[in-house]
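Here is how the chains run, residue by residue.
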Amino acid sequence: MPRSSRLFSLSVFTRAYQRNLKALARATRPARVKAAAKPLLSLVNAATPKARAPRKVPPGAGEWIGGIAPGPAGARRFHLHIPPGLALGAGEKLPMMVMLHGCGQTGADLAASSRMNRLAARERFLVLYPEQERIANAQGCWNWFSHRNGKAHAEAATLMAAVDQVARRHPVDLTRVAVAGLSAGACMAVLLAARYPERFCAVAMHSGVAPGTAESSAQALAAMSGRREALLPEPAPRVLGMGPPPPEGPLPLPPLLVLHGEADGVVSPRNACATAELWAQALGAKAGAARMQQRGKRHATRLTEFKRQGRTVVALREILGLGHAWSGGLASVPYSDPDGPDASALIWAFVVRQFPPAP
């Protein structure tokens with residue numbers, strides 16, 4: 001594609017994404033619009049790393065260790081959170097959560113919003129926050145949709161290089177590694193799980209799209225609005241033609257938790273239902289009856305579980321009143337709604353249920 005055409009495509013993508021974020025700001029409750037709309041739009045308008053100062057180290061005890069992982073997509077920075085009080089030299093292997101930020105965010109932003117580090121201190125696990133480079137995507141999005149030029153798969157391989165580097169240097173239990181993400185990070189999380197299913201015990205998609213649904217920026221916009229058929233990327237589609245997996249042995253894809261706000265004006269909630277059903281089909285799981293859940297005054301959730309031989313391998317949580325934001329997140333940062341159920345706690349509870357039995 002000529003350079004002028006590529007630049008035009010990117011500008012169209014940026015303008016459309018800004019329009020979606022403006023729609024999100026309008027849908028936000030009036031009390032929060034003034035505080036939230038301006039930061040949301042300024043995040044998308046940031047075109048270079050200098051346009052927005054990076055967030056400082058997230059508050060809380062423990063270590064925040066930086067690193068760089070080289071890979072097919074080039075080098076990517078990352079930060080590893082190690083909770084306090086862990087005896088890392090005692091031979092113990094620890095679980096690890098890989099957390100992928102959304103567009104306009106950094107890993108530190110997602111750490112602050114999700115407060116996953118606080119949960120890690122209580123539950124004893126490591127948290128890895130890879131970082132997208134603005135030179136790779138001006139809005140800081142993971143290129144989950146760039147399948148035609150191979151960029152999506154190259155970034156996925158680079159993220160796996162970061163996981164491997166951390167596992168070589170720290171006591172990571174490779175049978176208890178899970179990946180989760182928000183928005184573009186959610187799409188990339190599912191892409192990782194589809195391409196490297198043996199590497200993850202579970203995956204969580206918060207406000208995302210099935211990553212095989214789009215192959216270009218224009219298709220990504222259509223997918224975000226729910227106007228494209230949900231598809232999984234290679235090699236996952238081959239799984240769909242193989243019939244249900246055998247009763248014994250590993251699943252062809254790791255179990256999936258989908259969280260999505262019904263009031264999301266950026267990524268259509270239709271993507272959540274379509275991805276859950278597609279993943280369940282690949283795992284030979286059947287949907288149970290949806291049921292409502294609510295804790296206190298937090299947003300209610302419609303929960304649908306897809307089970308295989310009595311085991312929940314896909315869970316769909318449709319959160320009423322939630323926009324394009326981390327559910328239960330810190331109120332003072334963008335893309336975060338404190339009134340939703342605690343997504344971090346829900347993700348970790350789902351992940352723990354997928355751990356292999358102790359020997």
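Keep in mind that what you see is a predicted model, and the values were worked out from it rather than measured.

(A) Representation of the overall build of the protein within the structure. Along the protein, the regular secondary structure elements total 10 helices and 13 strands. Long-range contacts, defined as pairs at least 24 residues apart, comprise 68% of the intrachain contacts of the protein with a sequence gap of at least 6. If you sum the accessible surface of the protein, you get close to 15,700 Å²; carbon and sulfur atoms cover 56% of it.

(B) Focus on the packing of helix α4 (residues 116-123) against helix α10 (residues 343-352). Packing of α4 against α10 leaves a shortest axis separation of 9 Å and a crossing angle of 45 degrees. By the angle between their axes, α4 is oblique relative to α10. Relative to α10, α4 is oriented so that their crossing is right-handed. Contacts from Met116, Leu119 and Glu123 of α4 reach α10 at Ser344, Ala345 and Trp348. Of the residues in the contact of α4 with α10, the class split is 4 nonpolar, 1 polar and 1 charged.

(C) Quick peek at the state of the cysteines. With the rule as written, the count across this model stands at 1 disulfide. Between the sulfur atoms of cysteine 103 and its disulfide mate cysteine 141 the distance is 2.0 Å. As the torsion about the S-S bond is roughly 125 degrees, the cysteine 103-cysteine 141 disulfide counts as right-handed. With cysteine 103 in the loop between β3 (94-100) and α3 (107-114) and cysteine 141 in the loop between β4 (126-130) and α5 (151-169), the pair connects residues that are 38 residues apart, well separated along the chain. Across the pair, exposure class does not vary: cysteine 103 and cysteine 141 are buried alike. Not part of a disulfide, cysteine 187 finds its nearest cysteine sulfur in cysteine 103, a span of 8.4 Å.

(D) View of the packing of α5 against helix α6 (residues 184-195). Where α5 meets α6, the closest approach of the two axes is 10 Å, and the angle between their N-to-C directions is 80 degrees. In this view, α5 runs roughly perpendicular relative to α6, as classed from their interaxial angle. For the pair α5 and α6, contact is made by Ala152, His153, Glu155, Ala156, Leu159 and Met160 and by Met188, Leu191, Leu192 and Arg195, respectively. Class assignment for the residues of the contact of α5 with α6 results in 7 nonpolar, 1 polar and 2 charged.

(E) Spatial organisation of the nonpolar core. The biggest cluster of nonpolar side chains holds 68 residues, and the ones touching the most others in it are Met96, Leu100, Trp144, Leu192, Trp279 and Val314. Per element, the largest residue contribution to this core is 10 residues, and it comes from α6. Beyond its immediate chain neighbours, meaning those up to four positions away, tryptophan 144 contacts Ala152, Ala184, Cys187, Met188, Leu191, Val209, Ala210, Pro211, Ala214 and Ala220. Ala108, Tyr335, Trp348 and Phe350 belong to the second largest nonpolar core, which has 33 residues in total.

(F) How the structure looks around the packing of aromatic side chains. Taken as a whole, this structure holds 4 aromatic pairs when the rule is applied. Taken together, a centroid distance of 5.3 Å and an interplanar angle of 45 degrees make the contact between tryptophan 64 and tyrosine 129 tilted. One end of the pair, tryptophan 64, is in strand β1 (residues 63-69); the other, tyrosine 129, is in strand β4, and 65 residues separate them in sequence. Through pairs of rings, three or more aromatic residues link up here, namely Phe125, Trp348 and Phe355. Against the face of phenylalanine 355 rests arginine 176, its NZ or CZ located 5.3 Å from the ring centre.

(G) Representation of the pairing of β1 within the structure. Where β1 meets strand β2 (residues 76-82), 7 bridges bridge the pair, whose relative direction is antiparallel. Bridging from a neighbouring strand, tryptophan 64 pairs with histidine 81 of β2.

(H) Expanded view of the side chain of histidine 101. Mapped onto the elements, histidine 101 comes out in the loop between β3 and α3. Here histidine 101 falls in the buried class, since its relative accessible area comes to 0%. Separated by 3.1 Å, the side chain of histidine 101 and the backbone nitrogen of glutamine 132 make a polar contact. Setting aside its immediate chain neighbours within four residues, histidine 101 contacts Thr106, Gly107, Leu110, Pro130, Glu131, Gln132, Gly140, Trp142, Leu182, Ala184 and Gly185.

Conventions we followed
Residues numbered from 1 in each chain as written. Predicted model: local features only at pLDDT ≥ 70, side-chain atom pairs only at ≥ 80, totals over all residues. Heavy atoms only, no water. Helix = DSSP H or I, 4+ residues; strand = E, 2+ residues; numbered from the N terminus. Contact = heavy atoms within 4.5 Å. Areas by Shrake-Rupley, 256 points an atom, 1.4 Å probe, with all protein chains shown as cover. Axes fitted to C-alpha atoms, helices over the stretch in contact; angles between N-to-C directions. Parallel < 35°, antiparallel > 145°, perpendicular 65-115°, else oblique. Left-handed = near helix turned anticlockwise from the far one by under 90°. Nonpolar A, V, L, I, M, F, W, Y, C, P; charged D, E, K, R; others polar. Disulfide = S-S within 2.5 Å. Buried < 20%, exposed > 50% of the residue type's maximum accessible area, 1.4 Å probe, protein only. Core = buried A, V, L, I, M, F, W, Y, C linked by side-chain atoms within 4.5 Å. Phe/Tyr/Trp six-rings, centres within 6.5 Å; stacked < 30°, edge-to-face > 60°. Lys NZ or Arg CZ within 6 Å of the ring centre and 35° of its normal. Pairing = 2+ DSSP bridges. Polar contact = N/O pair within 3.5 Å; in protein donor to acceptor, adjacent residues only side chain to side chain.

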